[in-house]
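Architecture and fold: a report
Chain by chain, the residues:
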Amino acid sequence: MFRTDADETKMLVEKLLDENEQRAMNLFRLILSSFAPFAFSDGKEFIIMQTCETTPIWAWFCSDISDAAAENAADIIADRVSKCADVQFNADPNRAKKTLEILKNKHGISAEKRMAMTAYVCRRPVVPAAKGEMTNPTAADKETVADLLAQLVEDGEHSTVPRDGALRFAESVVGSKRVFLWKDGGKTRAMAVVAYEDEKTARINTVVTERESRGNGYAGMLVSRMCEDLLEKGVEPMLYADAENPSSNRAYIKTGFEKVGETQKLEVYLNRQEAALRIRSKAT
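Source: prediction; values computed, not measured. Each chain has its residues counted from 1, following the order in which its sequence is written. Local features in this predicted model are restricted to residues of pLDDT 70 or higher, and side-chain atom pairs are both shown and tallied only at a pLDDT of 80 or more, whereas totals for entire chains, interfaces and linings draw on every residue. Values reported for side chains reflect all heavy atoms of the structure, with hydrogen atoms and water molecules removed beforehand.

1. Some details on the overall build of the protein chain
How we decide: For helices the rule is a DSSP run of H or I covering at least 4 residues; for strands it is a run of E covering at least 2, with both sets numbered from the N terminus onward. Computation of the radius of gyration draws on C-alpha atoms, with the globule rule given as 2.2 Å multiplied by the number of residues to the power 0.38. Buried, partly exposed and exposed residues are distinguished by accessible area as a fraction of the type maximum, computed with a 1.4 Å probe on protein chains only: under 20%, between the cut-offs, and over 50%, respectively. What makes two residues a contact is simply this: any of their non-hydrogen atoms within 4.5 Å. All accessible-area figures derive from a Shrake-Rupley calculation using a 1.4 Å probe, and residue coverage is judged against the displayed protein chains alone. All tallies of charge rest on Lys and Arg as positive and Asp and Glu as negative; His and the ends of each chain are not included. A charged residue contributes its charge at one atom only: NZ of Lys, CZ of Arg, CG of Asp or CD of Glu.
Along its length, the protein chain carries 10 helices and 11 strands. Relative to the compact-globule value of 19 Å for 284 residues, the protein chain shows a C-alpha radius of gyration of 20 Å, a close match. Overall size of the protein chain, expressed as C-alpha extent along the three principal axes, is 60 × 45 × 35 Å. A burial count over the protein chain gives 48% of its 284 residues as buried. Sequence separation of at least 24 residues holds for 73% of the intrachain contacts in the protein chain that already meet a minimum separation of 6. Surface accessibility of the protein chain: about 14100 Å² in total, with carbon and sulfur atoms responsible for 50%. Charged side chains of the protein chain number 40 positive and 44 negative; the gap between the two group centres comes to 2 Å.

Written out as structure tokens, the structure is:
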């Protein structure tokens, strides 16, 4: 069923994707660094990856994918969805269109848009005049970090994080060299995280400014300083931004980020009747 091992898949990524596509599909690097990832490809027109059965599926499709390849890709995705009836799928929405149509018509699996994302890289940061300093979180910052995480989820995903969950995250990042805070006047103004880093690239996420401090450029100060440090190490910073949030996209461009691609988070699920039957079948 087109299953490939990690080494073979790495070679296919370098062969089939141009440099900007590789940057836009940065999660491929994370998935391939995991233990025994699921990777599938026909060697020419698609690559599909997943860390495990319950984690998001990431897929690349060539710009002119054939009907046969799209059907093969749809069959693979359907098999992955059969392992977890409600899973997230990430791909370029235009290139995925044919595969998603087959997925729905042949397998009864639907996809609903969750978030459109723009992929950016920073090769030369534009460093604004800074007020304050960048630090890593200490035990004294736990409550503030939990508050920032809650604000990020509420404003960006329109959902809530249980307080105990936010505090567990805050506790886990005390002393972390991958979590960064921007402080000014004795107050934490912004937070950002290096979610993944290897010898070539670093993906920044969880970028949030404390609500009362927004509009003062604190996130730009923080992210640009992070980019300076990463580039000094020879690592290229990248991130995904909500494509439907113009203010954050303008801020990243102003900081020196360049657009390299688009992807879309989709919620993929079996039609509700089939999902219910599958759940009952597992129960018996």
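2. Examining the side chain of glutamate 210
When you line up the elements, glutamate 210 lands in the loop between β9 (201-209) and α8 (218-232). Relative accessible area serves as the criterion here: at 12%, glutamate 210 is assigned to the buried category.

3. Side note on the confidence of the model for the protein chain
As a note on interpretation, predicted positions should not be read in detail where pLDDT is low. Operational definition: Residue-level confidence of the predictor is what pLDDT reports, using numbers from 0 through 100.
The pLDDT averaged across the protein chain works out to 91; a share of 94% of its residues lies at or above 70. Here residues 275-284 scores under 50 on pLDDT; set against residues more than four positions off or in separate chains, the count is 6 contacts.

4. So, the pattern of salt bridges
What counts, and what does not: Take a side-chain nitrogen of Lys or Arg and a carboxyl oxygen of Asp or Glu: if they are within 4 Å of each other, that pair is a salt bridge.
Applying the stated rule across the entire model yields 27 salt bridges. Salt-bridge contacts for glutamate 19 lead to arginine 23; the nearest nitrogen and oxygen are separated by 3.8 Å. Here glutamate 19 and its partner arginine 23 are both found in helix α2 (residues 19-24), 4 residues apart, which amounts to about one turn of the helix. One continuous salt-bridge network, built from bridges that share partners, spans Glu19, Arg23, Arg123, Glu236 and Glu258.

5. Some details on the environment of glutamate 199
Mapped onto the fold, glutamate 199 is located in the loop between β8 (187-197) and β9. Taking the C-alpha atoms as reference, glutamate 199 lies 15 Å from valine 121; in sequence the two are 78 residues apart. When neighbours within four sequence positions are excluded, glutamate 199 is seen to be in contact with Arg29, Gly234 and Val235.

6. A word on the packing of aromatic side chains
For the record, the criterion: In summary, the pairing rule links any two rings of Phe, Tyr or Trp, Trp by its six-membered ring, whose centres are within 6.5 Å, and it sorts them by plane angle into stacked for under 30 degrees, edge-to-face for over 60 and tilted for everything else.
In this structure the tally under the stated criterion is 4 aromatic pairs. Residues phenylalanine 2 and phenylalanine 46 carry aromatic rings whose centres are separated by 5.8 Å and whose planes lie at 75° to one another, so their mutual orientation is edge-to-face. Here phenylalanine 2, found in the segment before α1 (6-16), pairs with phenylalanine 46, found in strand β2 (residues 46-50); they are 44 residues apart in sequence, far enough to count as distant. In this structure phenylalanine 46 comes out as buried when scored by relative accessible area, which is 0%. Relative to phenylalanine 257, the ring of tyrosine 252 has its centre 5.7 Å away and its plane inclined at 75°; by these criteria the two rings are edge-to-face. Each member of the pair, tyrosine 252 as well as phenylalanine 257, carries the same accessibility label: buried. Through a chain of ring-to-ring contacts, the aromatic side chains of Tyr120, Tyr252 and Phe257 assemble into a single cluster.

7. Thoughts on the nonpolar core
Using the following cut-off: Nine residue types can take part in a nonpolar core, namely buried Ala, Val, Leu, Ile, Met, Phe, Trp, Tyr and Cys, and a core is a set of them joined through side-chain atoms within 4.5 Å.
One finds Phe28, Ile47, Ile48, Phe61 and Phe89 to be the most contacted residues of the largest nonpolar core, which totals 50 residues. The element that contributes the greatest number of residues to this core is helix α4 (residues 67-83), accounting for 8 residues. Once you skip the residues sitting within four places of it in the chain, isoleucine 48 turns out to touch Phe38, Ala39, Phe40, Ile57, Trp58, Ala59, Ala73, Ile76 and Ile77. Of all hydrophobic cores here, the second largest spans 22 residues; its members include Ala202, Met221, Leu230 and Tyr252.

8. Some details on the state of the cysteines
Put simply, the rule reads: Count a disulfide wherever a pair of cysteine sulfur atoms falls within 2.5 Å.
Tallied over the full model, the rule gives 0 disulfides. The thiol of cysteine 227 is unpaired, and the distance to the nearest cysteine sulfur, on cysteine 122, comes to 4.0 Å.

9. With respect to α8
Cut-off, in case you're wondering: Residue count minus one, scaled by 1.5 Å, sets the expected span of a helix.
Taking 1.5 Å per residue as the helical rise, α8 with its 15 residues ought to reach 21 Å, and the 21 Å between its terminal C-alpha atoms agrees with that figure. Those residues of α8 lying buried are Tyr218, Gly220, Met221, Leu222, Val223, Ser224, Met226, Cys227 and Leu230. Glycine 234, located one to two residues past α8, shows a positive phi value of around 85°.

10. Considering the pairing of β9
Stated precisely, the cut-off is as follows: When DSSP finds at least two bridges between two strands, those strands are taken to pair. By definition, the crossover connecting two strands over a helix is right-handed if that path, from the first strand to the second, turns clockwise as seen with the strands pointing away from the viewer.
Most of β9 sits out of view: 8 of its 9 residues are buried. Across 6 bridges, the pairing between β8 and β9 is antiparallel. Each residue of the ladder has a partner; that of valine 193, found in β9, is asparagine 205. Where β8 folds back onto β9 in an antiparallel hairpin, the turn is made up of 3 residues. Sheet topology note: the β9/strand β10 (residues 236-242) ladder contains 4 bridges and is parallel. Bridging from a neighbouring strand, alanine 202 pairs with proline 237 of β10. Handedness of the β-α-β unit built from β9, α8 and β10 comes out right-handed.

11. Comments concerning the environment of threonine 206
Counting through the fold element by element, threonine 206 comes out in strand β9. Put simply, threonine 206 and valine 194 are 12 residues apart on the chain and 8.5 Å apart in space, counted from C-alpha to C-alpha. Once residues lying within four places of it in the same chain are set aside, the contact partners of threonine 206 are Leu149, Leu152, Met191, Ala192 and Val193.

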